[in-house]
Amino acid sequence: MTTRWSRRGFLAAGSGTALALGVHATAGAAPLTSTEITSAEISAAADEFATLRAKWRTLILGERFSPTAEPFKTRLSELGATAGQLQATMAPTSGSLWPDLGYADPEPDTDQESYGYSGNLNSSYNRLNTLAQAYTQQGTGLTGDTGLRDDILTGLDHLHSEVYNENQVRYGNWYSWQIGAPQALLDVCVLMYDQLSAAQLSNYLNAVDHFVPDSAVSSYTGTSTGANRVDLCRVLALRGVVGASSAKVALARDALSPVFPYVSGGDGLYTDGSFIQHTTVPYTGSYGSVMLGGLGMLFALLTGSTWEVTDSNRQIVFDAVENAWAPFLYNGLVMDGVSGRAVSRGLSASDAKQIQQDDHLRGHPILAAIVLLGQGASSTENARWRGLVKGWMQRDYYSPPMSNPSIGLTSLARLKGVQDDTTVSAVAEPTGHRLFTNMSRATHRRPGWAASISMADRRITYYETGNGENLHGWHTGSGMLYWWGDTFGNGQYSDAFWPTVDAYRLPGTTASRKVLADAAGGDWGASLPDVNWVGGATDGQRAAIGQYLKGLQSTLLAKKSWFCLDDSIVCLGAGIKCTDGTAVESTIENRNLGPTGSTPFQVDGVTKPAGYPWSETLTGAKWAHIGGHGGYVFPGGATFTALRDARDGQWSAINKGGATTVLNRKYLTMYVDHGTNPTGGSYAYLLMPGATAAQTQTRAAATGWLTVLANTDSQQGVSVPSLGFTGVNFWFGGTVGALTASNPCAVTISEKSDGTAVICVSDPMRMQTGLTLTWNRAVASVTAKPSTVTSATTGSALTLTFGNLSTTAGVTQKITVKLG
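Conventions we followed
- Residues numbered from 1 in each chain as written.
- Predicted model: local features only at pLDDT ≥ 70, side-chain atom pairs only at ≥ 80, totals over all residues.
- Heavy atoms only, no water.
- Axes fitted to C-alpha atoms, helices over the stretch in contact; angles between N-to-C directions.
- Helix = DSSP H or I, 4+ residues; strand = E, 2+ residues; numbered from the N terminus.
- Parallel < 35°, antiparallel > 145°, perpendicular 65-115°, else oblique.
- Left-handed = near helix turned anticlockwise from the far one by under 90°.
- Contact = heavy atoms within 4.5 Å.
- Nonpolar A, V, L, I, M, F, W, Y, C, P; charged D, E, K, R; others polar.
- Buried < 20%, exposed > 50% of the residue type's maximum accessible area, 1.4 Å probe, protein only.
- Expected span 1.5 Å × (residues − 1).
- Arc of directions from axis to C-beta.
- Pairing = 2+ DSSP bridges.
- Phe/Tyr/Trp six-rings, centres within 6.5 Å; stacked < 30°, edge-to-face > 60°.
- Lys NZ or Arg CZ within 6 Å of the ring centre and 35° of its normal.
- Salt bridge = Lys/Arg side-chain N within 4 Å of Asp/Glu carboxyl O.

A word on the packing of helix 12 (residues 314-325) against helix 14 (residues 379-395). For the pair helix 12 and helix 14, interaxial distance at closest approach is 11 Å and the crossing angle is 30°. Judged by the inter-axis angle, helix 12 sits roughly parallel to helix 14. Both helix 12 and helix 14 take part in a crossing whose hand is left-handed. Contacts between helix 12 and helix 14 involve Gln 315, Phe 318, Asp 319, Val 321 and Glu 322 from the first element and Glu 381, Arg 384, Trp 385 and Leu 388 from the second. Grouping the constituent residues of the contact of helix 12 with helix 14 by class yields four nonpolar, one polar and four charged.

Right, dumping it as structure tokens:
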């Protein structure tokens, strides 16, 4: 009997079919037997794979832009020039395709040297990808050049015969073999498809199958999670598209599903907006960017096809645009506190163009990914996201996205489309506080400025190093406080900050001056502090954030708190002790003033010297101000050291692949010297981003504006009567002001003008099985409370009894009351 198959059924059944193509014999193809396929069905299958190749080609090369309009004209010319240089220097020989990219490892293993050799293999394929784009892209000057075509094919065959084939055992970095090289190879196969023979395609796809077998996505573990899983799915999907294998494309689609659901531990997206990669590293801005971009590409490729992604959990990714990514985007940059070791990738020694990567250049691809992802989202989501992107683009005065030299033409075209769309209105930066308990990060956004705090605990690493990168990131998780202004300071961490800053004096941190080795603590986020109390409570506008700090490879202990308010952040430190035999310092500020550093600095109205170097220990200081940046107030007066420092640095010192060029930047630093082996150090200051000197002085003179209720090893708390705000971090149970807690917790209270108050409570330790909180304030009634509140007694005082808070993952519990 003759069986007639539907187009969808035929494609779903075939593990791969060269018959369907009729042009190329396909590696891994299995002929269909005992089934008669009509010529129409064969044609339909061939058409669908051809359609997918065309779609991917468009996703690679871009669309809807004029090659004669800027910035595209210049970028296409640059692409042609770069390709011409690469073509001229290509020299196939044993062990390399380019003389500077030897991939023949004399001692193949997984040490740092082998990582370099495998990285050169990856780079070789990426260069061939550049050549292929210059050949196929319009307006490059090399479009359709037969000599370039021949060289591309020669390069592909050389790499296959020499190293990337089914008989090769991988060495060095797994990423190069399973993601980097095959992604570039398959892109070239799509771009050069009509120029490749059946034998060539078979060879290349056999190599991909060898290094990226189906088993690479058989379990959601190890290197097959989060952004890495999306990258592996991209390889499998393109291998299926190029090789006309329905099974491969279906596998890629289905293997995406484990990426979508929220996780409660390890890699992935969390309900609070956290994104983790490598088990312990906050990575929204780097791996998260890759995942978002990869999903956007795959959704766009497969939509409308037999293999469209229909898993309903994909909505979680759409929700994450505003829940997980937008909070860390500011004026086009993505905050460094969630970019892991990528912050050390500034100037690369191998980059012929010497483009310095930074937080802005990392942020722009995320903007473009959001635009692409919007094409598969609802019309409401898409419209809002385009408004967000337009706002970020318009406000990025420091590094305009359309001038980004490292972003691809496709991303530029998407961003240009938003920029020129007159139906899209720019969305303003939001205000409010976001606490990401699952990755020990917080963002605080107010009119005119934004800030973020980076911490570490037994779930979140101090910092990540690996692949010879981020060698001095030791203290970035020790309470680093980043901040930016709306029209100033957006290049604070972009302008060679990381190679030139004193890595022991990062702003906001408390650290021992004990000398640490490069990559101290181990690769891939291996070191975790043995502490639980890290987190806080927030009502969405204000917050009480705390970190129990234990130093990396140090005896340092400290309690650190940040009370995030309307125009300022109150910073407290207490219980600072250490027996390292070295000095311990809490850095109030370490502002990058650029190459010239002429910014004025004054303390208590006295302008300090502008020359370099300069330092002074100031006693009893009430306030300080850095011109064009902001102010600092010291409740009750403080002793601190201020200095101007001209610092030399090299990217190669913090990243083994970095350039050796010596850079110099000027810094204005303020720090509290707790002395050698302190036993009970403390500090207190108020950060006022964007404040003028007059505003700072006025705040310092208003001694009743802020009351520090406690600043001890047991509790830290503040009260701001004019805001109706009280915030307390109870490291241990006790009484602070009008609040008494039976156990450790974080508490904020905001009293409203309408006679109500919002009380926010959390258990940052995630360990409390019971908590009693008493507020010595007349309360008439409780109008709203979560189920964790098992009883509430009102009257002349409010007593709240909480049940098992250990199950709430540190999430803030909100209670609304009517005041008596």
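This next bit is on unusual backbone geometry. The linkage connecting Glu 70 with the following residue, Pro 71, adopts the cis geometry, with an omega of 5°. As for its position among the elements, Pro 71 is in the loop between helix 3 (39-61) and helix 4 (72-89). Between Tyr 612 and the following residue, Pro 613, the backbone shows a cis peptide bond with an omega angle of -5°. Checked against the element boundaries, Pro 613 lands in the loop between strand 17 (606-607) and strand 18 (614-626). The phi angle at Ala 496 is positive, at roughly 55°, despite the residue not being glycine. Tracing the chain through its elements places Ala 496 in the loop between strand 9 (480-485) and helix 16 (497-500). With relative accessibility at 0%, the residue Ala 496 sits in the buried group.

For helix 4, built from 18 residues, the straight-helix expectation of 26 Å at 1.5 Å per residue is met to within 8% by its first-to-last C-alpha distance of 26 Å. Within helix 4, burial applies to Phe 72, Arg 75, Leu 76, Leu 79, Gly 80, Ala 83 and Leu 86. Projected down its long axis, helix 4 carries its buried residues within an arc of 140°, all on one side. Across from the buried face of helix 4, at angles greater than 90 degrees, the exposed residues are Gln 85 and Ala 88. The secondary structure elements touched by the buried residues of helix 4 are helix 5 (112-136) and helix 15 (409-420).

Attention now goes to the pairing of strand 22 (residues 707-711). Pairing of strand 22 with strand 23 (residues 715-720) involves four bridges; the strand directions are antiparallel. Considered in strand 23, the bridge of Asn 711 is made with Gln 716. Between strand 22 and strand 23, which pair antiparallel one after the other, the connecting turn spans three residues.

To continue, consider the sheet that holds strand 6 (residues 432-436). Reading across the sheet, the four strands line up as 6-7-8-9 and stay open at both edges, with antiparallel pairing between neighbours. The sheet is open, and its two borders are formed by strand 6 and strand 9, each paired with just one other strand. Taken over all neighbouring pairs, the strand axes of this sheet differ in orientation by 10° on average, direction set aside. Pairing of strand 7 (residues 441-446) with strand 8 (residues 449-454) involves six bridges; the strand directions are antiparallel. In the strand pairing of strand 8, Thr 443 is matched with Ser 452.

Looking now at the packing of aromatic side chains. Throughout the structure, instances matching the rule amount to 26 aromatic pairs. On the numbers, 4.3 Å between centres and 50° between planes, the contact of Trp 533 with Trp 731 is tilted. Here the residue Trp 533 occupies a position in the loop between strand 10 (510-512) and strand 11 (534-538), and Trp 731 occupies one in the loop between strand 24 (725-730) and strand 25 (734-736), the gap between them amounting to 198 residues. Each of the two residues, Trp 533 as well as Trp 731, counts as buried. Feature note: the residues Tyr 482, Trp 484, Tyr 493, Phe 497, Trp 498 and Tyr 667 constitute an aromatic cluster, connected by ring pairs. Across the ring face of Trp 98, the terminal group of Arg 127 is positioned such that the distance to the ring centre comes to 5.4 Å.

Moving on: the pattern of salt bridges. Tallying each qualifying case throughout the model produces 31 salt bridges. Of the charged contacts, one joins Asp 209 and Lys 248 as a salt bridge, the two residues approaching to 3.6 Å between their closest N and O atoms. Linking Asp 209 in helix 8 (residues 198-211) with Lys 248 in helix 10 (residues 246-255), this pair joins segments that are 39 residues apart in sequence. Looking at Asp 209, the relative accessible area reads 21%, which means it is partly exposed. Between Asp 214 and Lys 248 there is a salt bridge whose closest N-O contact spans 2.5 Å.

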